[in-house]
Amino acid sequence: MTEGQDKPIADMSFEEALRALEITVRGLESGDVPLDESIALYERGEELRKACQKRLDAAQAKIDKIVQGSDGKPAGTVPFDADS
């Protein structure tokens, strides 16, 4: 497997997962990977994509929780509750 493909996705930072996804995509686009390995790379890439999207969605939710003051400017934050 290529670099970054052996570490569990749950243990990766967003940046590591994105880098691993980029490596995976390059491997698939090269056309030099055998079919069985391409399928495995595609599956890994999909899991990496989902993990990255989940982290981006969580970050967006935190940003959305910024409390605005009466003047429309950020006045503070509200703790993000992932279950809400």
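Note that this is a predicted model, so its numbers are computed, not measured.

**Q** I would appreciate a short explanation of the pattern of salt bridges in the present structure.
**A** Pairing between side chains of opposite charge can happen when the charged atoms of each approach one another. Going through the model one piece at a time under the given rule, you end up with three salt bridges. Notably, a salt bridge pairs E47 with K50, separated by 3.9 Å at the nearest N-O pair. Residue E47 and its partner K50 are located together in helix α2 (residues 35-64), separated by three residues, close to a single helical turn. The exposure class of E47 is partly exposed, given its relative accessible area of 42%. The exposure class of K50 is partly exposed, given its relative accessible area of 42%.

**Q** Could you clarify how one ought to interpret the packing of helix α1 (residues 14-30) against α2 in this entry?
**A** The geometry of a pair of packed helices is captured by two quantities: the angle between their axes and the separation between those axes. Here α1 crosses α2 at 150°, and the two axes come no closer than 9 Å. It follows from the interaxial angle that α1 and α2 lie roughly antiparallel. Judged by the sense of rotation from one axis to the other, the crossing of α1 with α2 is left-handed. Where α1 abuts α2, its residues F14, A17, L18, A20, L21, T24 and L28 lie against S38, L41, Y42, G45, L48, R49, C52, R55 and L56. In terms of residue class, the contact of α1 with α2 is made up of 11 nonpolar, three polar and two charged.

**Q** Just checking my understanding: could you explain the nonpolar core for this structure?
**A** A general trend in soluble globular proteins is that nonpolar side chains are found buried together. In this structure, I9, M12, A17, A20, L21, L48, A51 and C52 together form the largest nonpolar core, which totals eight residues. Among the elements of the structure, α1 and α2 are those that each provide at least two residues to this core.

**Q** Got a minute to help me understand the side chain of S38 in this structure?
**A** Mapped onto the elements of the fold, S38 is located in helix α2. For S38, a relative accessible area of 19% puts it in the buried group. Polar side-chain contacts of S38 include one of 3.2 Å to the backbone oxygen of V33.

**Q** It is not clear to me how α1 should be interpreted in this structure. Could you clarify?
**A** The α-helix winds at 3.6 residues per turn, so residues separated by three or four positions along the chain end up facing the same way. The terminal C-alpha atoms of α1, which comprises 17 residues, lie 24 Å apart, in line with the 24 Å expected from a rise of 1.5 Å per residue. Along α1, the residues that are buried comprise A17, A20, L21, I23, T24 and G27. Relative to the axis of α1, the buried residues are bounded by an arc of 165° and lie together on one face. Opposite its buried face, α1 presents the exposed residues R26 and E29, each directed more than 90 degrees away. Residues of α1 that are buried sit in contact with α2. Looking one or two residues beyond α1, the residue adopting positive phi is G31, at roughly 75°.

Scoring rules and cut-offs
- Residues numbered from 1 in each chain as written.
- Predicted model: local features only at pLDDT ≥ 70, side-chain atom pairs only at ≥ 80, totals over all residues.
- Heavy atoms only, no water.
- Salt bridge = Lys/Arg side-chain N within 4 Å of Asp/Glu carboxyl O.
- Helix = DSSP H or I, 4+ residues; strand = E, 2+ residues; numbered from the N terminus.
- Buried < 20%, exposed > 50% of the residue type's maximum accessible area, 1.4 Å probe, protein only.
- Axes fitted to C-alpha atoms, helices over the stretch in contact; angles between N-to-C directions.
- Parallel < 35°, antiparallel > 145°, perpendicular 65-115°, else oblique.
- Left-handed = near helix turned anticlockwise from the far one by under 90°.
- Contact = heavy atoms within 4.5 Å.
- Nonpolar A, V, L, I, M, F, W, Y, C, P; charged D, E, K, R; others polar.
- Core = buried A, V, L, I, M, F, W, Y, C linked by side-chain atoms within 4.5 Å.
- Polar contact = N/O pair within 3.5 Å; in protein donor to acceptor, adjacent residues only side chain to side chain.
- Expected span 1.5 Å × (residues − 1).
- Arc of directions from axis to C-beta.

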